[in-house]
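Each chain, written out:
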Amino acid sequence: MTWTDFPIIAPLVAALLVAVAIIGVDMIAPGRSRPAIAVALVGLGIVAIAIVWTDQLVRTGQASGVAFGGAYTVDPLATYLDLVFVAIVALTVLFGPDYLGARDLPVAEYAAVLVFAMSGAMLIAGSSDLLVLFVALELMVLPGYLLAGFAKHDALSTEGAIKYFLLGSFSSAILLFGLAYIWGITGTTRIDGVAAALASAHGVSPALALGMALLTTGVAFKLAAVPFHYWTPDAYQGSPTPVTGFLSVGPKVGAIAIVLRLFVEALGPVHVDWMPVLAVLAVLTMTLGNLVAVSQTNVKRMLAYSSIAHTGYILVGFAVYANDPSGEGLTAVLFYAVAYAFMNLGAFAVVAALQKRPGVTSQLDTFAGLGRREPLLGLLMTLFLLSLTGIPPTAGFFAKALIILSAVQAGAPILGLAVVLNAIVAAFYYLRVVVYMYMREPQGEPAAVSHGALLRVGLAIAAAMTILIGLLPGPLIDAATTAARSLLPV
Amino acid sequence: MANSLDAYLILSAMLFAIGTFGFLARRNAISMLMCIELMVNAVNLTILAFGAFIPALKDHASVIALIVIAVAAAEATVGLAIVIAIYRNRRTPLVDEYDAMRQ
């Protein structure tokens, strides 16, 4: 490393320092959540500033954008994804203290582990080397396993954690095997080198086909795509609710970053061989996710299956991108990731708010009469669910519209039709929660709970972004287009 | 075929397959963890075989293998911690008895 590398990796260094600072504060004032949360939020602000600063340096040509001899790159895509990760972690930190505090779980460690996971996700976004990509992936998912089992005396939490861990590391091993083959065949770990080697080779050798099959399987596990989704419902249902919110968006957007770097960038020259597979995975994933979600009576489990369905919609964007030289599919994927992050985190935050009193389950009955009991919370949940359904004028509407448009423009209207049909099925189970909130009488009289200021601020931000992206999608579409262009061959 | 790249690749693919089968067939969480380790070590053998037989990859192979070993160690640490946590709650290491959420 030389000093010229420093401005490029400044956001990563800042993220790691923030995590260490949170632990340091916790050692000075053990068990107190306020100082740790304050350090985490201020620190995340600094990380965001560092990301924008680095981006400006690269844009104006003051820094090269490449560090460590080409292993790490800052381009518009890395900046875009980094900012998404910071927003996700900041919201998750805001949603945590209410739920964790009521259960005597350590808030400082929660924040620190989240920031470590974020540093891994940021490293994925900027990695231009297969080995860096793998290490970054592990850096993102290992904290995720810990977070899933955060309530270590709770049987459900540890059960979710062990299923998440076993299948997560199983898929990491499969992905690593695929990476080893890609490296052995192309002779380089650099992503641009892999792309160049594959572009000059003729056809796909058996070893390359094996490597690609292993990579697809590994990534499908990470994305929770059908038929590699079995860990998802248990891991999501068992985890503490704020953690579930994070797991359903953070590692998911991280996996999207892997697909962008690994498949679109490194394996781009052989896209005709993997795109049909992604198209089939997309349709299977959204259909099965939605059909199983319909029969769920637990809202956390239902949202877990709904997140599988959203993976399917996102995969459509990947499946169609190469037929369309303008990269509309990738723009749609990047836009969807942001819209999905805010609306899904918001929905899980409402569930977490209801579960502030320990012992409250996430069954549908918990939501009965919520519209009258806590009108504001009911209204917010309705907003997030409408957005997840894809009803205008919310963020979810434009996200789905962009995906469908990209499919139609790329000459794959069947995929667009599949998304539309699935959105109709999804409307049923999302709106059922709304029916429970406004048209069912609660059994007994649930005690009123007061919500913390941090949770209110977080919910306000998630709701504001969900509406704002829905009313003014222009700036985000522009940002996503710029980010997507940095992947397209010039 | 002896002492060729293909022989080593087949050997490591077989080790990987044994690990995969073990992971899918075993019920004990510790055994499943060991099977994952076997899979990762099969990958390491693949990497080192590439390095040993392709001169251009020689320098990179040992570095990559070392990093993979370090990552696998970190993974095993987290895994054992989670296994201990669930053992304290359930008093069994058998994964098919972890069915509290099955509907």
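Given the structure is predicted, the values throughout are model-derived calculations rather than measurements. (Residues numbered from 1 in each chain as written. Chains lettered and ligands numbered in written order. Predicted model: local features only at pLDDT ≥ 70, side-chain atom pairs only at ≥ 80, totals over all residues.)

Some thoughts on the overall build of chain B
Looking only at helices and strands, chain B has 3 helices and 0 strands in total. Its helices and strands taken in sequence order, chain B reads α-α-α from the N to the C terminus. Here chain B has a C-alpha radius of gyration of 17 Å; the compact-globule value for 103 residues is 13 Å, and the former is much larger. In terms of principal-axis extent, the alpha carbons of chain B reach across some 50 × 25 × 20 Å. Burial status across chain B gives 33% buried among its 103 residues. Residue pairs at least 24 apart in sequence account for 50% of intrachain contacts in chain B once pairs closer than 6 positions are excluded. (Helix = DSSP H or I, 4+ residues; strand = E, 2+ residues; numbered from the N terminus. Rg over C-alpha atoms; globule rule 2.2 N^0.38 Å. Buried ≥ 20, exposed ≤ 12 C-beta atoms within 10 Å, placed from the backbone. Contact = placed C-beta atoms within 7 Å.)

Some points on the overall build of chain A
In terms of regular secondary structure, chain A is built from 19 helices and 2 strands. Overall, chain A is about 70 × 55 × 40 Å in size when its C-alpha atoms are taken along their principal axes. Across the 490 residues that make up chain A, the buried fraction comes to 64%. For chain A, long-range pairs separated by at least 24 residues make up 80% of all intrachain contacts whose partners lie at least 6 apart in sequence.

Looking at the environment of A:Leu166
Residues and elements named next belong to chain A. With respect to the element layout, Leu-166 can be found in helix H6 (residues 155-186). Residue class for Leu-166 comes out buried when judged on the 22 C-beta atoms lying within 10 Å of it. In this structure the C-alpha to C-alpha distance between Leu-166 and Trp-231, which are 65 residues apart in sequence, comes to 8.9 Å.

Things to note about the interface of chain A and chain B
Opposite the 29 residues of chain A that make contact, chain B presents 31 residues. Elements that contribute at least two residues to the side of chain A that touches chain B include exactly helix H5 (130-148), H6 and helix H9 (231-238) of chain A. Looking at the side of chain A that touches chain B, the element that brings in the most residues is H6(A), giving 15 residues. Of the residues contributing to the side of chain A that touches chain B, the split by class is 16 nonpolar, 9 polar and 4 charged. (Nonpolar A, V, L, I, M, F, W, Y, C, P; charged D, E, K, R; others polar.)

Description of the confidence of the model for chain B
Averaged over chain B, the pLDDT score is 91; the fraction of residues at 70 or greater is 96%. As a predicted assembly, this complex carries a pTM of 0.95 together with an ipTM value of 0.96. (pLDDT = per-residue confidence, 0-100.)

What to know about the environment of A:Leu471
Inspection of the secondary structure assignment puts A:Leu471 in helix H18 (residues 453-471). Separated by 157 residues in sequence, A:Leu471 and A:Ile314 have C-alpha atoms that sit 21 Å apart.

Things to note about helix H4 (residues 107-126) of chain A
A rise of 1.5 Å per residue sets the reference length of H4(A), with its 20 residues, at 28 Å; its end C-alpha atoms lie 29 Å apart and thus fit the reference within 8%. The element H4(A) is largely enclosed, with a buried count of 19 among its 20 residues. (Expected span 1.5 Å × (residues − 1).)

Remarks on the environment of A:Ala423
Residues and elements named next belong to chain A. Considering the arrangement of structural elements, one finds Ala-423 in helix H17 (residues 413-439). Its 22 C-beta neighbours within 10 Å are what place Ala-423 among the buried residues. Measuring from C-alpha to C-alpha, the distance between Ala-423 and Gly-96 comes to 30 Å, with 327 residues separating the pair along the chain. In this view, Ala-423 contacts Thr-389, Gly-390 and Lys-400; residues no more than four positions away in its chain are not counted.

Looking at unusual backbone geometry
Residues and elements named next belong to chain A. Of note, the amide linkage connecting Val-226 to Pro-227 takes the cis form, showing an omega dihedral of 5°. Structurally, Pro-227 can be placed in the loop between helix H8 (206-223) and H9. In this structure, the amide linkage connecting Pro-392 to the following residue, Pro-393, adopts the cis form with an omega of 0°. Its location among the elements puts Pro-393 in the loop between helix H15 (375-389) and helix H16 (395-409). Within the chain, Phe-68 stands out as a residue other than glycine whose phi angle is a positive 55°. One can find Phe-68 in the loop between strand E1 (66-67) and strand E2 (72-73). Among the residues examined, Phe-68 registers 15 C-beta atoms within 10 Å and is labelled partly exposed.

A word on H16(A)
Residues and elements named next belong to chain A. Over its 15 residues, H16 extends 21 Å from the first C-alpha to the last, a length consistent with the 21 Å expected when each residue adds 1.5 Å. Of all 15 residues making up H16, 11 are buried, and the element is well covered by its neighbours. Of all the residues in H16, the buried ones are Ala-395, Gly-396, Phe-397, Phe-398, Ala-399, Lys-400, Leu-402, Ile-403, Ile-404, Ser-406 and Ala-407. Where the residues of H16 are buried, they touch helix H12 (299-320), helix H13 (328-354), H15, H17 and H18.

What to know about the packing of helix H1 (residues 6-28) of chain A against H4(A)
Residue and element names in this part refer to chain A. With their axes 9 Å apart at the nearest point, H1 and H4 run at an angle of 170° to one another. It follows from the interaxial angle that H1 and H4 lie roughly antiparallel. Taken together, the residues of H4 that come into contact with H1 (itself represented by Pro-11, Leu-12, Ala-15, Leu-16, Val-18, Ala-19, Ile-22, Ile-23, Val-25 and Asp-26) are Ala-108, Glu-109, Ala-111, Ala-112, Val-115, Phe-116, Met-118, Ser-119, Met-122 and Leu-123. Here the residues of the contact of H1 with H4 sort into 17 nonpolar, 1 polar and 2 charged. (Axes fitted to C-alpha atoms, helices over the stretch in contact; angles between N-to-C directions. Parallel < 35°, antiparallel > 145°, perpendicular 65-115°, else oblique.)

Overview of the nonpolar core
Residue and element names in this part refer to chain A. Core analysis: the largest hydrophobic core is formed by 240 residues, its most contacted members being Ala-111 and Val-115. The biggest single contributor to this core is H13, with 22 residues. With residues near it in sequence (within four places) discarded, Val-115 still touches Ala-15, Val-18, Ala-19, Ile-22, Ala-40 and Val-89. (Core = buried A, V, L, I, M, F, W, Y, C linked by C-beta atoms within 7 Å.)

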